[in-house]
Amino acid sequence: MSAYEKAERYFDHAAEVMGLSDNMRILLKTPLREVKVQIALEMDDGQIGTYIGYRIQHDNARGPMKGGLRFHPAVDADEVLMLASLMTWKTAVVNLPYGGAKGGISIDVSKLSHRELESITRKFVDELHDVFGPDTDIPAPDMGTNAQVMAWIMNQYAKYHGYSPACVTGKPVELHGAYGRNEATGRGVAIITRSALEKLKKPVSGARVAIQGFGNVGSFTAEILHEMGAEIIAVSDAFGAIKNEEGLDIPELLKHMEEYKKVEGFDGAEEIDNSTLLTADVDVLIPAAIGGVLTKENADDIRAKLIIEAANNPTTPDADEIFERKEILVIPDILANAGGVTVSYFEWVQNRQHFKWELEEVRKRLEKIMVTGFDRVWKIAEEKKISPRIAAYVLGIGRVGRATVLGGI
Ligand code: GLU
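Let us look at the packing of helix H1 (residues 3–18) against helix H14 (residues 388–407). Following both chains from N to C, one finds H1 and H14 inclined at 75°, their axes separated by 9 Å at the closest point. Put simply, H1 runs roughly perpendicular to H14. Across the interface between the two elements, Ala7, Tyr10, Phe11, His13, Ala14, Val17 and Met18 of H1 pack against Arg389, Ile390, Tyr393, Val394, Ile397 and Gly398 of H14. Of the residues assigned to the contact of H1 with H14, the class counts are ten nonpolar, two polar and one charged.

Okay, structure coming up:
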């Protein structure tokens with residue numbers, strides 16, 4: 001089953017609960033436009049590198065389409081479509097005036113020089129600039145891309161369309177970026193973790209947490225949960241995993257990361273393997289890396305009582321059923337990691353007004369949107385006796401469906 005077909009199972013389950021007609025289901029599931037382009041460039045060693053770039057626009061009923069760019073070897077049309085559809089439901093769940101899209105390049109950025117990364121980014125924009133635009137489709141960072149890449153996108157887009165900072169979000173603060181965008185996904189995850197723990201009658205202070213992935217999302221999640229008083233017991237990255245039963249010293253670990261770029265070798269911890277991290281004896285498990293890590297093979301061994309999906313699509317539908325049976329509470333990606341796109345929205349609003357908000361303002365507004373989204377999803381889950389995931393889909397699909405009908409087909 002493809003990644004998109006797996007994610008469709010959640011959509012179909014929610015559509016069933018809602019009694020959505022077949023016609024509506026097909027309309028809402030079918031993407032608006034799928035673009036696939038060749039990107040060729042001269043590599044530093046003089047060879048020609050040929051790569052495939054994608055942008056898939058899933059839905060625009062509620063506003064311009066929004067979603068990140070992923071530069072990763074696993075990127076293909078199926079994965080991008082799945083991620084684009086998640087963006088449609090995610091922006092609707094937290095009620096941002098956007099639709100959903102996603103893009104990327106199938107490439108291993110760790111093998112690229114700075115110049116090669118810049119060149120491939122600019123060529124990607126050369127191929128796709130007509131598809132993008134502040135009122136049509138606004139890219140942002142995702143795995144393998146960052147604020148620097150967004151700055152190149154803005155600059156290259158301007159060569160075709162003139163000065164237009166709102167054409168991309170997640171830019172550096174020095175170049176029309178918003179304060180707080182960098183930490184936003186992690187902060188949103190921490191806020192949602194706190195809200196979910198409250199429902200389990202457990203304070204965040206003292207809660208034991210394991211985080212898989214220590215990139216932009218995982219590291220800020222760890223830092224902010226640590227500030228809230230949680231004990232971060234274990235973390236991992238692409239190279240290895242570490243654990244300290246007493247709780248890791250997160251500020252020290254962040255310093256270690258600055259220097260060594262990996263969690264391994266950190267003084268205050270023992271090294272463990274990645275599967276041990278997933279099955280650690282903790283209150284909260286936070287997958288914050290790639291998709292498809294919680295599967296029917298490992299779901300029975302998970303000991304956490306709460307899973308917060310900081311990554312996109314980390315849980316397969318089979319694993320999700322096992323978690324439901326085991327009464328493990330799963331807060332889905334389309335709610336849990338919506339902090340990133342929320343602050344992207346703030347950045348876009350500020351760019352359009354040529355105005356900059358203070359960090360405190362950004363944090364306050366993010367908090368409000370995340371808490372409101374959580375409460376809304378929780379209420380639907382309770383009323384309809386469904387999981388928070390299906391409740392989030394019911395909320396998202398309902399909003400997109402109503403906008404579609406009101407706008408006229
Ligand atoms: N890539 C992020 C996501 O999956 C952020 C998207 C955005 O800011 O537009 O939600």
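Another point: the site of the ligand. The local shell around the ligand holds 14 residues, among which Lys66, Lys90, Pro141, Asp142 and Ser344 are the closest. Within the side chain of Lys102, a nitrogen or oxygen atom sits 3.1 Å from an oxygen atom of the ligand. Arg181 has a polar side-chain atom sitting 3.1 Å from an oxygen atom of the ligand. Taking 290 Å² as the accessible area of the ligand by itself, protein coverage stands at 95%. For the shell around the ligand, the elements supplying multiple residues, two or more each, are strand E3 (65–71), helix H3 (77–93), strand E5 (137–141) and helix H12 (339–353).

Here we take up the packing of aromatic side chains. Here the distance between the centres and the angle between the planes together describe a pair of aromatic rings. On inspection of all chains with the given rule, the structure shows ten aromatic pairs. Residues Tyr98 and Tyr345 carry aromatic rings whose centres are separated by 5.7 Å and whose planes lie at 90° to one another, so their mutual orientation is edge-to-face. One end of the pair, Tyr98, is in the loop between H3 and strand E4 (99–105); the other, Tyr345, is in helix H12, with 247 residues separating them in the sequence. For Tyr98, a relative accessible area of 0% puts it in the buried group. Here the aromatic rings of Tyr98 and Trp348 are separated by 5.1 Å at their centres, their planes lie at 65°, and the arrangement is edge-to-face. With Tyr98 in the loop between H3 and E4 and Trp348 in helix H12, this residue pair connects regions lying 250 residues apart in the sequence. A residue is classified by how much of its surface remains accessible, and Trp348, at 10% relative accessible area, is buried. Of the aromatic side chains, those joined through ring pairs into one cluster are Tyr98, Tyr345, Phe346, Trp348 and Trp357. Lying across the ring of Trp357, Arg365 places its NZ or CZ 4.5 Å from the centre.

Conventions adopted
- Residues numbered from 1 in each chain as written.
- Predicted model: local features only at pLDDT ≥ 70, side-chain atom pairs only at ≥ 80, totals over all residues.
- Heavy atoms only, no water.
- Axes fitted to C-alpha atoms, helices over the stretch in contact; angles between N-to-C directions.
- Helix = DSSP H or I, 4+ residues; strand = E, 2+ residues; numbered from the N terminus.
- Parallel < 35°, antiparallel > 145°, perpendicular 65-115°, else oblique.
- Contact = heavy atoms within 4.5 Å.
- Nonpolar A, V, L, I, M, F, W, Y, C, P; charged D, E, K, R; others polar.
- Near = heavy atom within 4 Å.
- Polar contact = N/O pair within 3.5 Å; in protein donor to acceptor, adjacent residues only side chain to side chain.
- Areas by Shrake-Rupley, 256 points an atom, 1.4 Å probe, with all protein chains shown as cover.
- Phe/Tyr/Trp six-rings, centres within 6.5 Å; stacked < 30°, edge-to-face > 60°.
- Buried < 20%, exposed > 50% of the residue type's maximum accessible area, 1.4 Å probe, protein only.
- Lys NZ or Arg CZ within 6 Å of the ring centre and 35° of its normal.

All we've got here are geometric facts, nothing functional implied.
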